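Observations on chain architecture
Chain by chain, the residues:
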Amino acid sequence: MHLSFNRNPACVIAEVSGELDLSTAGSFRDRVDQELMRTGSPNLVLNLQNLEFIDSTGLGVLLGRHRQVTAAGGKLILAGPPPKVLAMIEMAGLSSVLIIARSQEEALRLLGGALS
Amino acid sequence: MKREMFMRFSAHPSNVSVARIAVATFAAGADFTIPDIEEIKVAVSEAVSNAVLHAYPGGEGEVTVSVTSQGDELVIEVRDQGCGIPDIEKAKEPGFTTVPEHMGLGLSFIESFMDSVSLESEVGSGTAVRMVKKRCP
């Protein structure tokens, strides 16, 4: 799993690639939470475009970030999940809970609309 | 022709991906399709994650994975010698979990992606998950 961060005036953008499972979920959670705390940004865009694998542990950590961000008054948007990742999100019943955009650009547009 | 593979490893999170990739490679060699292999990877990940997370609370232990390909069937068995599951029916309920930020969907995903699943467990002796995937003709 590789994770990198970009800062946008409206949010933290986290790009995650590789595999999100039991071996990587803890590191992913800790680093995202630290970045949100460090920047003080309430909003988070998770760019999943290059995520190759996710299981229920990975989905759990996504839901956990959603709960944490929304509890702090922000929004979490998942951007560009590949079809197999999107299928897992839908199987878990999370597509009605999480905001999903087709791309990072669409996610930022959605966030801009929510902030305006 | 019958083909077999056996792995034994410590119940550590880093071994989840090792098991998943090894079984996926084995399944590819048995001519399973890419979509089938993706489903097998999720099922193995869920079964091994459950063993790593739950079998040895506060201690160390081992997980074994055996894989057999014969005819159009791939049989995968994930086994531990840990604490066992006191209430299997409760553990099978979608959404049941004892771990924070986990969804309790592991067994549901396994049942969705594999053609048949059986779960045996004995408190104090361990747990075995047997999963069968049939290759499309």
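Residues numbered from 1 in each chain as written. Chains lettered and ligands numbered in written order. Predicted model: local features only at pLDDT ≥ 70, side-chain atom pairs only at ≥ 80, totals over all residues.

Examining the overall build of chain B
What chain B contains, in helices and strands, is 4 helices and 5 strands. In sequence order, chain B lays out its α and β elements as β-α-α-β-β-α-α-β-β. Oriented by its inertia axes, the alpha-carbon framework of chain B measures out at about 40 × 25 × 25 Å. For chain B, contacts bridging at least 24 residues in sequence account for 65% of all contacts bridging at least 6. (Helix = DSSP H or I, 4+ residues; strand = E, 2+ residues; numbered from the N terminus. Contact = placed C-beta atoms within 7 Å.)

Observations regarding the overall build of chain A
When helices and strands are counted, chain A shows 4 helices and 6 strands. The order of α-helices and β-strands along chain A, N terminus first, is β-β-α-β-β-α-β-α-β-α. Relative to the globule expectation of 13 Å for 116 residues, the C-alpha radius of gyration of chain A, 13 Å, shows essentially globular dimensions. The C-alpha extent of chain A, read off along each of the three principal axes, is 35 × 25 × 25 Å. Within chain A, counting contacts between residues at least 6 apart in sequence, those at least 24 apart form 71% of the total. (Rg over C-alpha atoms; globule rule 2.2 N^0.38 Å.)

Focus on the packing of helix α2 (residues 34-54) of chain B against helix α4 (residues 106-113) of chain B
Residues and elements named next belong to chain B. Orientation of α2 relative to α4, taken along the N-to-C sense of each, is 150°, at an axis distance of 9 Å. Our classification of the angle between α2 and α4 gives roughly antiparallel. Both α2 and α4 take part in a crossing whose hand is left-handed. Across the interface between the two elements, Glu-39, Val-42, Ala-43, Glu-46, Ala-47, Ser-49 and Asn-50 from α2 touch Gly-106, Phe-109, Ile-110 and Phe-113 from α4. In terms of residue class, the contact of α2 with α4 is made up of 6 nonpolar, 3 polar and 2 charged. (Axes fitted to C-alpha atoms, helices over the stretch in contact; angles between N-to-C directions. Parallel < 35°, antiparallel > 145°, perpendicular 65-115°, else oblique. Left-handed = near helix turned anticlockwise from the far one by under 90°. Nonpolar A, V, L, I, M, F, W, Y, C, P; charged D, E, K, R; others polar.)

Here we look at the sheet that holds strand β2 (residues 62-70) of chain B
One key point about sheets: their strands pair by backbone hydrogen bonds, in either a parallel or an antiparallel sense. All names here are of chain B. With antiparallel pairing, the 5 strands of this open sheet are ordered in space as β1-β2-β3-β5-β4. Two strands close off the open sheet at either side, each with one partner strand: β1 (3-10) and β4 (116-122). On average, adjacent strands in this sheet sit at an angle of 10° to one another, irrespective of strand direction. Two strands pair when backbone bridges link them, and strand β3 (residues 73-80) and strand β5 (residues 126-134) are joined in this way by 8 bridges, in the antiparallel orientation. Its bridge partner being in β5, Asp-80 is matched across the sheet by Thr-127. Its contacts with the sheet put α2 on β2, β3 and β5, and the angle it makes with β5 is roughly 175°. (Pairing = 2+ DSSP bridges.)

Quick word on the packing of helix α1 (residues 14-29) of chain B against α2 of chain B
Residue and element names in this part refer to chain B. Close contact between α1 and α2 brings their axes to 9 Å; oriented N to C, the two are set at 145°. Judged by the sense of rotation from one axis to the other, the crossing of α1 with α2 is right-handed. Packed against α1, whose contacting residues are Val-16, Ala-19, Arg-20, Val-23, Ala-24, Ala-27 and Ala-28, the element α2 presents Ile-37, Ile-40, Lys-41, Val-44, Ser-45, Val-48, Ser-49 and Val-52 at the interface.

Remarks on the interface of chain A and chain B
Opposite the 16 residues of chain A that make contact, chain B presents 18 residues. Residue assignment for the side of chain A that touches chain B shows that the elements contributing at least two residues are α2 (56-71) and α3 (83-91) of chain A. The leading source of residues in the side of chain A that touches chain B is α2 of chain A, at 7 residues. By residue class, the composition of the side of chain A that touches chain B is 7 nonpolar, 5 polar and 4 charged.

Topic: the confidence of the model for chain B
Taken as a whole, chain B shows an average pLDDT of 94; of its residues, 100% reach a score of 70 or greater. Interface confidence in the predicted complex, given as ipTM, is 0.91; pTM for the same model is 0.93. (pLDDT = per-residue confidence, 0-100.)

Here we look at the nonpolar core
Membership of the largest hydrophobic core comes to 66 residues, with the highest contact counts inside it found for Leu-44, Val-45 and Leu-46 of chain A together with Val-23, Ala-43, Ala-47 and Val-48 of chain B. Looking at this core element by element, the count peaks at 8 residues for α2 of chain B. Filtering out sequence-adjacent residues up to four positions away, Ala-47 of chain B remains in contact with Val-78, Ile-110, Val-129 and Met-131 of chain B. (Core = buried A, V, L, I, M, F, W, Y, C linked by C-beta atoms within 7 Å. Buried ≥ 20, exposed ≤ 12 C-beta atoms within 10 Å, placed from the backbone.)

As for the pairing of β3 of chain B
Residues and elements named next belong to chain B. In the sheet, β2 pairs with β3 via 8 bridges, with the strands oriented antiparallel. Its bridge partner lying in β3, Ser-69 is registered against Leu-74. The antiparallel hairpin formed by β2 and β3 contains 2 residues in its connecting segment, where Gly-71 sits at a positive phi of about 60°.

Section: α3 of chain A
All names here are of chain A. Burial in α3 covers these residues: Val-85, Met-88 and Ile-89. Buried residues in α3, looked at end-on, bunch into an arc of 100°, giving them a common side. Residues of α3 that are buried sit in contact with β4 (51-54) and α2. One or two positions beyond α3, positive phi appears at Gly-93, with a value near 75°. (Arc of directions from axis to C-beta.)

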